[in-house]
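Secondary and tertiary structure notes
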Amino acid sequence: MNIAIVGTGYVGLVSGTCFADTGATVTCVDVDAVKIDRLQHGEIPIYEPGLDELVKKNVAAGRLKFATDLASVLDDVEIVFSAVGTPPDEDGSADLKYVLQVARTIGQHLNHYVVVVTKSTVPVGTAAKVRKAIEEELQKRGCEDVTFDVASNPEFLKEGNAIKDFMSPDRVVVGTESERAKKVLTRLYKPFLINNFRVIFMDIPSAEMTKYAANSMLATRISFMNDMANLCELVGADINMVRAGIGSDTRIGRKFLYAGCGYGGSCFPKDVKALIKTADQNGYSMEVLKAVERVNEHQKGVLYRKLEKAFGGQSLSGLTIALWGLSFKPETDDMRESTALVMIDKLLQAGCNVRVYDPVAMDECRRRVGDRVVYCRDKYDAVLDADALLLLTEWKEFRLPTWGVIHKAMKRPLVIDGRNIFDAEELQENNFEYYCIGRS
């Protein structure tokens, strides 16, 4: 089966590589010639565990190829996936210009039946716009007899675990409006059906909405727990015990009930904003999601407020602050909407000297922040002469540090744990001041 995937970002490259690994012949297309050249030479532009080896394996097998021109591969494919970016517009809505550019390119060169599948996260109604754009281009060419179908196939990949999520999904959601498209996509996903994974077919608007609803629900759980954590601190309760108590209820479950210093990344913040905007455009106000967004923005500053409190409300100017973790979550170098970016800005505005370390996101931080912070060799280098250590990302290598070495290196042994990964008793035994989330 021959397919093309337009866009070699996170979703496009992972999806294309995994489809190739199931036996499909895949061409990943991107207008960025530099990126395509790097991919053709085995350089992976994103960090995702296991992706490097999987790309090389399928390129060597001839199942995975790269190109800069969609028109050059269109005649040979049965399915075209659109996995281009949908960045938030100034008003919070999803910017569909890249999605519609792909649609127009297809309409300008299409000569046979294909299924055009939107894999990007897009608001309800996007498939109809894609269909209209293709039809308009076909009409300009006098090719109204060329048939095609549109479909929606939202992705549910977690950064850091994307390959497993793709190859062993909880479910595959497909929105179609024709039996012909359903048959084509059923054939594509047949390797997953063999292993009893669920492919859920539905109408296109419902498929488009499902992605936003899923991410917004997860974001809601996170903000709810962060709100509860802040209250726990005030009344003397322990959010970890509360989490164990409510998570054992099968109606609630244990996932996404961890309090912390706010969520970030490429999906939750963008998708919550986009769903709020979609509701506004249809005359409805998503009050719960608006609260979720407010709580999250407030929570991204919680460690700064704890730092101010630890220093008695005095000026932080001149202090040296160490940050462990820069990416929005472990196992990725993605810093989009990360708490680290908020903290770095706040600390620099306060006149602090900031020393940072992250296992994989240092280059991304340099790209975003420049030389305004000190980039350190490892976690121990970061705490040298520091007045405080702030843990922002729960990377595994941060879980069992040698506290004796850190105590000697720091100017003031103060630890503020934004992910609740450290043992309070162990830190107290090592004579540290310790603050975390949701415990008084």
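Scroll up a little and you will see the structure.
In this convention, every chain numbers its residues from 1, walking through the sequence in written order. Predicted model: local features are reported for residues with pLDDT of at least 70 only, side-chain atom pairs are reported and counted for 80 or more only, and whole-chain, interface and lining totals are derived from all residues. The side-chain numbers reported here are obtained from all heavy atoms of the structure, hydrogens and water having been left aside.

**Considerations on the sheet that holds strand β6 (residues 149–152)**
This is how the line gets drawn: A pair of strands is considered paired only if DSSP assigns at least 2 bridges between the two. Put simply, DSSP marks the helices as runs of H or I at least four residues long and the strands as runs of E at least two long, and each gets a number from the N terminus on. Each axis is a line fitted through C-alpha atoms, and for a helix only the stretch in contact is used; angles between axes span 0 to 180 degrees, taken between their N-to-C directions. Only heavy atoms matter for contacts: two residues are in contact if any of them lie within 4.5 Å across the pair.
One open sheet accounts for 8 strands, arranged β3-β2-β1-β4-β5-β6-β7-β8; its pairing is mixed. Two strands close off the open sheet at either side, each with one partner strand: β3 (64–67) and β8 (199–202). Across this sheet, the average inter-strand angle for adjacent strands is 25 degrees, counted without regard to direction. Two strands pair when backbone bridges link them, and β6 and strand β7 (residues 172–176) are joined in this way by 2 bridges, in the antiparallel orientation. Bridged to Ala-151 within β7 is Thr-176. This element, helix α5 (residues 126–141), spans β5 (115–118) and β6 of the sheet and lies at about 155 degrees to β6.

**Comments concerning helix α9 (residues 204–235)**
Heads up, the condition is: One less than the residue count of a helix, multiplied by 1.5 Å, gives the span that helix is expected to have.
Between the first and last C-alpha of α9 there are 47 Å, a value that for 32 residues agrees with the 46 Å anticipated at 1.5 Å per step. Two residues or fewer past α9, Gly-236 is found with a positive phi of approximately 85 degrees.

**A word on the environment of Ala-274**
By the element assignment, Ala-274 lies in helix α11 (residues 268–281). Contacts of Ala-274, omitting those with residues within four sequence positions, involve Gly-92, Ala-94 and Tyr-212.

**Section: the packing of helix α13 (residues 302–310) against helix α14 (residues 339–349)**
What counts here: Under the scheme applied here, ten amino acids are nonpolar (Ala, Val, Leu, Ile, Met, Phe, Trp, Tyr, Cys and Pro), four are charged (Asp, Glu, Lys and Arg), and all others, including Gly, are polar.
Orientation of α13 relative to α14, taken along the N-to-C sense of each, is 35 degrees, at an axis distance of 9 Å. Seen from α13, the contacting residues are Leu-303, Tyr-304 and Leu-307; seen from α14, they are Met-343, Lys-346 and Leu-347. Here the residues of the contact of α13 with α14 sort into 5 nonpolar, no polar and 1 charged.

**Some remarks on the side chain of Asn-226**
Considering the arrangement of structural elements, one finds Asn-226 in helix α9. Sequence-distant contacts of Asn-226, defined by excluding residues within four places in its chain, comprise Tyr-258, Ala-259, Gly-260, Gly-262, Val-295 and Gln-299.

**Description of the packing of aromatic side chains**
In plain terms, the rule: Two rings from Phe, Tyr or Trp (for Trp, the six-membered ring) form a pair when their centres are within 6.5 Å of each other. A pair whose planes differ by under 30 degrees is stacked, one over 60 is edge-to-face, and the rest are tilted. Working definition: with a 1.4 Å probe on protein chains only, accessible area under 20% of the residue-type maximum means buried, over 50% means exposed, and in between means partly exposed. Placement of a charge over a ring requires the Lys NZ or Arg CZ to be within 6 Å of the ring centre, with the centre-to-atom vector within 35 degrees of the ring normal.
The final tally for this structure, using the stated rule, is 10 aromatic pairs. Aromatic side chains Phe-19 and Phe-166 sit 5.0 Å apart centroid to centroid with 90 degrees between the ring planes, which places their arrangement in the edge-to-face category. With Phe-19 in helix α1 (residues 10–21) and Phe-166 in helix α6 (residues 162–167), the pair connects residues that are 147 residues apart, well separated along the chain. Residues Phe-19 and Phe-166 agree in their burial class; the two are buried. Relative to Phe-398, the ring of Trp-324 lies with its centre 5.1 Å away and its plane at 20 degrees, an arrangement referred to as stacked. You can see Trp-324 sitting in strand β9 (residues 320–324) and its partner Phe-398 sitting in the loop between β12 (388–391) and α17 (403–409), a full 74 residues away along the chain. Across the pair, Phe-398 and Trp-324 agree in class, each one buried. Through a chain of ring-to-ring contacts, three or more aromatic side chains come together here, namely Trp-324, Tyr-357, Phe-398, Trp-403, Phe-422 and Phe-432. Seen from the ring of Phe-156, Arg-171 lies directly overhead, with NZ or CZ sitting 3.8 Å from the centre.

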